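# Breakdown of the fold
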Amino acid sequence: MSVPLSFDGRVVLVTGAGGGLGREYALAFGKRGAAVIVNDLGGDIKGGGRSSAAADRVVEEIRANGGKAVANYDSVEDGEKLIQTALDAFGRIDVVVNNAGILRDRSFARTSDTDWDLIHRVHLRGSFLVTRAAWNHMKNQKFGRIIMTSSAAGIYGNFGQANYSAAKLGLLGLSNTLAIEGQKYNVHCNTVAPTAGSRLTETVMPPDLLESLKAEYVAPLVLWLSHESCRENGGLFEVGAGWIGKLRWERTLGRTVRQKNEIMTPEAVRDSWNEICDFTDATKPASIQESLQTLVEVLSKVDSGRGIGTNPTAAAATNPSEAVGHTLPEISFSYTHMNCILYALGVGMSTGEPDHLRFLYEGSQDFCCLPTFSVIVAQSAMTQLGSVPGLQIDFSRLLHGEQYLEVFKPLPTSGTLTSRAVVADVLDKGSGMIVLLDVHTYSGAELVCYNQFSLFVVGAGGFGGKRTSQKAVVTAPLPDRPADAVIVEQTSRDQAALYRLSGDWNPLHIDPSFAALGGFQTPILHGLCSFGFAARHVLKRYAGNDVSRFKSIKVRFVKPVFPGQALQTEMWKQENRIHIQCTVKETGAVVLAGAYIDLHAPVEPSVSGGTPQTNVLQSDLVFAEIERRVKGQGQELVKKVNAVLAWEIMKDGESARHWTLDLKTGHGALTRGVTGGQADVTFTVADQDFMDVVTGKLNPQKVLDTHTHTHTPKVEFLQHCFSTGLLLREAEGQRERHVEPEAGGRPEGLRQTLRSSPALTLTSAAH
Ligand code: NAI
């Protein structure tokens, strides 16, 4: 079971909450801990009259259920007063559900000024006034959730509802802009188009349908969209009968019906009408920038004498049968540890993180190269595409669409690697052409890694080629649940300037005037840099920064990142696959989509008689066990503990290991190393003392006094956290594990036996 959505401490205003849908929302919020302002004018369905009874009844119901609520009887046209009620009663406002509504249905010819104005005043202007009154409070507290109530009548039109349809779709426009303006303040705005039996619908629905379309089948969506954990912003949802669907815009590829230096005529529009309206290969623009981008492209195409749609230029220039299978000249790439370190810095590694040293310092014992450095080794193959017969690529229109990388062995930290690239396929996407470039990289005769660059050439489609390819490594959809882990990391102002030194010299990433030509206000970060950040986050979170566990990564590049913005990597673990989505924290824009990283399973600690391991600490075994338990019962432990615990294990007076046990988010996770997030408590403890506590030989309090520095003063809590034995003992099906010193071996050498037993004991080598 996932964690229930609570609104404890939140103050929620529901307008028109005296009946129908609003009442249901108010009751549901009240049950989940919110303090609710129940607003209702108490008038009739057409907007006449007023009464306090409706709001009072709902307030009483909420209080009878043990909830907190106050009534407000003002019209939504007095927006300030509604918000003032919230501030007077509860001191803040977190959520506004704009729900109040009336109907004045008339066929269009009979719609009077009053019919039009009243509907607009209550629905559109009322929502505007209430929301504006709440806006600055939400902005200042960096949290707010706003719901607009639209209608299928607005989305699709409905006979006799011209006034209502116009107002209801106006609310969507309002919401679209509020979503953009509020994003950076964590103020989100979404729109619902509900269908439910109420007094508004009783005249248009048969009684049995009215009865079955319950308001309670709508309220859960409104609650989810209002919750602090919901990231949705600017969405439009139809909801009813327990079903919820999301809507978006779709646009045909369209056709340019104008030629350079010629007049555009209605006849040309008529003659292209079928193509203008043909939804084959339709796009789904999601922002005004995307919308305008098309026009910019059209202007440049017309100017250069090329059309859009069926593309005779591309047809003449592209011959897939000639290009596919074409092998490019072999590339040789020589590098030293300096390149590995420069790359690691380029993708955000820092000496501020102790476990990054292995990537930044060639003298560190386990110095290694980040696996994603493999793209650097192979990327120059892209520049050779200009020489492929059957392809004519305008490099100024080339976008890096997707990337797949598979690593077959950890990359050497220096050496010379050779890469062989082949055009694996050429696809016709209508609006552009995709070139799949496969690059295999070798160290001598040994295959080290495989890259597939998926390159999109804007405007080069329409040559009559195939749309898909068996050879394409495809992206994967995200699991349908909240992320298991999230790492947020600020990129630096000079991130692109640093990253480019690894070999991507495109001026788009450094030169403001070049960036402006590409339609960007400032130079953008390399997509492959975000890719490096995301891979690193997964390595850290799920593989303890062990590069030998990295198998492969696939990403689709969606939106640019500007240096200085924060990258947020959300991760979902499914077996050895970690699904990822990377967004810009400040804007919520998705940067990497459909992405995943496959890891090799961790190497199990050796069992009795196995090869002794070097650098093994006694506590490693306990953490291996904790990891196993967290995998099985993580969710339960998250509920119980709700904290992030960190350990620094000392050996011979020196820091030997860091562990972070996240029992706060998702299904919980144990990570070797220090994660980016703040731990609730950090323990610094000697390996031996740790074992002594776990085996019950040592009182944790004693160790706490001498070895820990903590952020929480509550001793019982610390004891609870520290006693990892507690975690162990709590688990069912306990087994016995003996840890014995390896005969005659180094003190750290461990040999263990596993056998079933009802009790758990841990014995360890004293040293
Ligand atoms: P309802 O009539 O049961 O509830 C609307 C409430 O708003 C009433 O209690 C009314 O007193 C209150 N109200 C009206 N004018 C007000 C004002 N100026 N200030 C404060 N309160 C005012 O209707 P229902 O069905 O619950 O509708 C809720 C919202 O959902 C409305 O915006 C409606 O347009 C919308 N909607 C409902 C659909 C449905 O199938 N029920 C379909 C599409 C949209």
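Above: the structure in question.
As the structure is a prediction and not an experimental result, all values here were calculated from the model.

### Examining the pattern of salt bridges
Evaluation of the coordinates by the stated rule reveals 24 salt bridges. For R481, the salt bridge is made with D484, and the minimal N-O distance between the two is 2.6 Å. The structure contains a network of salt bridges with shared partners spanning R10, R92, D94 and E228.

### Regarding the sheet that holds strand β7 (residues 236–240)
The sheet built from eight strands is open, its strands ordered β3-β2-β1-β4-β5-β6-β7-β8 with mixed pairing. At either margin of the open sheet sits one strand with a lone partner, and together these are β3 (68–72) and β8 (243–247). Neighbour-to-neighbour, the strand axes of this sheet turn through a mean angle of 20°, independent of strand direction. One ladder, built from four bridges, connects strand β1 (residues 11–14) with strand β2 (residues 35–39); its direction is parallel. Among the inter-strand pairings, L13 is bridged to a residue of β2, identified as I37. Where helix α3 (residues 79–90) meets the sheet, it contacts β1, β2, β3 and β4 (95–97), and its direction lies at approximately 145° from that of β3. Running over the sheet, helix α8 (residues 219–226) touches β4, β5 (144–149), β6 (187–195), β7 and β8 and is turned about 145° from β5.

### A look at the packing of aromatic side chains
Here the structure, examined in full by the defined rule, presents eight aromatic pairs. Between F520 and F562 the ring centres are 6.5 Å apart and the planes differ by 70°, which places this aromatic pair in the edge-to-face class. Within this pair, whereas F520 is found in the loop between α18 (512–517) and α19 (527–543), its partner F562 is found in the loop between β15 (550–557) and β16 (566–574), the two being separated by 42 residues in sequence. A residue is classified by how much of its surface remains accessible, and F520, at 23% relative accessible area, is partly exposed. Given a relative accessible area of 25%, F562 falls into the partly exposed group. Chaining the aromatic ring pairs together yields one cluster made of F333, Y335, Y343, F373 and Y499. The ring of F143 is capped by R10, whose NZ or CZ atom sits 3.8 Å from the centre of that ring.

### Details of the packing of helix α1 (residues 20–31) against α8
It is the contact of α1 with α8, at a shortest axis distance of 9 Å, that shows an interaxial angle of 55°. The angle between the axes of α1 and α8 places the two elements in the oblique class. Crossing handedness for the pair α1 and α8: right-handed. On α8, the residues that touch E24, Y25, A28 and F29 of α1 are A219, V222, L223 and S226. A class-by-class count of the residues in the contact of α1 with α8 yields six nonpolar, one polar and one charged.

### A few points about the environment of S513
Tracing the chain through its elements places S513 in helix α18. Along the primary structure S513 and P523 are separated by ten residues, whereas in three dimensions their C-alpha atoms are 8.5 Å apart. For S513, the side chain forms a polar contact with the side chain of D511, separated by 2.8 Å.

### A word on unusual backbone geometry
Glycine aside, negative phi is the norm for most residues, and most peptide bonds take the trans geometry. The phi dihedral of N545 falls on the positive side, at around 60°, and the residue is not glycine. Among the secondary structure elements, N545 is positioned in the loop between α19 and β15. N545 sits in the buried class, given a relative accessible area of 2%.

### Regarding a nonpolar patch on the surface
Residues I288, L292 and L295 make up a contiguous nonpolar surface patch of about 310 Å² in total accessible area. Relative to the elements of secondary structure, L292 occurs in helix α11 (residues 288–303).

### What about the site of the ligand?
Near the ligand there are 30 residues, and of these L21, D40, N99, Y164 and S198 occur at the shortest range. Measuring from an oxygen atom of the ligand, one finds a side-chain N or O atom of D40 at 2.5 Å. A distance of 2.7 Å separates an oxygen atom of the ligand from a polar backbone atom of N99. For the ligand, whose free accessible area comes to 810 Å², the fraction covered by protein is 96%. Every element with two or more residues in the shell around the ligand is listed here: α1, α4 (113–141), α6 (162–182) and β6. Classifying every residue of the shell around the ligand gives ten nonpolar, 16 polar and four charged.

### Quick look at the pairing of strand β19 (residues 643–651)
Each regular strand carries side chains that alternate between the two faces of the sheet. Most of β19 is tucked away, with eight of its nine residues classed as buried. The sheet contact formed by β19 and strand β20 (residues 654–663) spans nine bridges and is antiparallel. In the strand pairing of β20, A646 is matched with T660. Here β19 hands over to β20 after two residues, with D652 in that stretch at a positive phi of 50°. Taken together, the six bridges between β19 and strand β22 (residues 681–686) define a ladder with parallel strand orientation. Residue pairing across strands places I649 opposite V685, the latter belonging to β22.

### Section: the sheet that holds strand β12 (residues 432–443)
Taken in spatial order, the ten strands of this open sheet run β9-β11-β12-β13-β10-β15-β18-β17-β16-β14, and their pairing is antiparallel. Pairing within the sheet leaves two strands with one partner each, and these edge strands are β9 (331–335) and β14 (485–490). In this sheet, neighbouring strand axes are inclined to one another by 20° on average, regardless of whether the strands run parallel or antiparallel. Sheet topology note: the strand β17 (residues 577–584)/strand β18 (residues 590–599) ladder contains six bridges and is antiparallel. Residue pairing for β18: T583 is matched across the bridge by V590.

### Describing the pairing of β6
Taking burial as the measure, the nine residues of β6 include eight buried ones, the bulk of the element. The pairing of β5 with β6 spans six bridges and is classified as parallel. Within the sheet, the bridge partner assigned to I146 lies in β6 and is C189. Where β6 and β7 come together, five bridges link them in parallel fashion. Among the inter-strand pairings, T191 is bridged to a residue of β7, identified as L236.

### Quick look at α4
A rise of 1.5 Å per residue sets the reference length of α4, with its 29 residues, at 42 Å; its end C-alpha atoms lie 40 Å apart and thus fit the reference within 8%. The positive-phi residue at the C-terminal boundary of α4 is K142, with phi of around 55°.

Rules used in this analysis
Residues numbered from 1 in each chain as written. Predicted model: local features only at pLDDT ≥ 70, side-chain atom pairs only at ≥ 80, totals over all residues. Heavy atoms only, no water. Salt bridge = Lys/Arg side-chain N within 4 Å of Asp/Glu carboxyl O. Pairing = 2+ DSSP bridges. Helix = DSSP H or I, 4+ residues; strand = E, 2+ residues; numbered from the N terminus. Axes fitted to C-alpha atoms, helices over the stretch in contact; angles between N-to-C directions. Contact = heavy atoms within 4.5 Å. Phe/Tyr/Trp six-rings, centres within 6.5 Å; stacked < 30°, edge-to-face > 60°. Buried < 20%, exposed > 50% of the residue type's maximum accessible area, 1.4 Å probe, protein only. Lys NZ or Arg CZ within 6 Å of the ring centre and 35° of its normal. Parallel < 35°, antiparallel > 145°, perpendicular 65-115°, else oblique. Left-handed = near helix turned anticlockwise from the far one by under 90°. Nonpolar A, V, L, I, M, F, W, Y, C, P; charged D, E, K, R; others polar. Polar contact = N/O pair within 3.5 Å; in protein donor to acceptor, adjacent residues only side chain to side chain. Patch = residues over 30% accessible without salt bridge, like charges linked within 9 Å, V, L, I, M, F, W, Y side chains within 5 Å. Areas by Shrake-Rupley, 256 points an atom, 1.4 Å probe, with all protein chains shown as cover. Near = heavy atom within 4 Å. Expected span 1.5 Å × (residues − 1).

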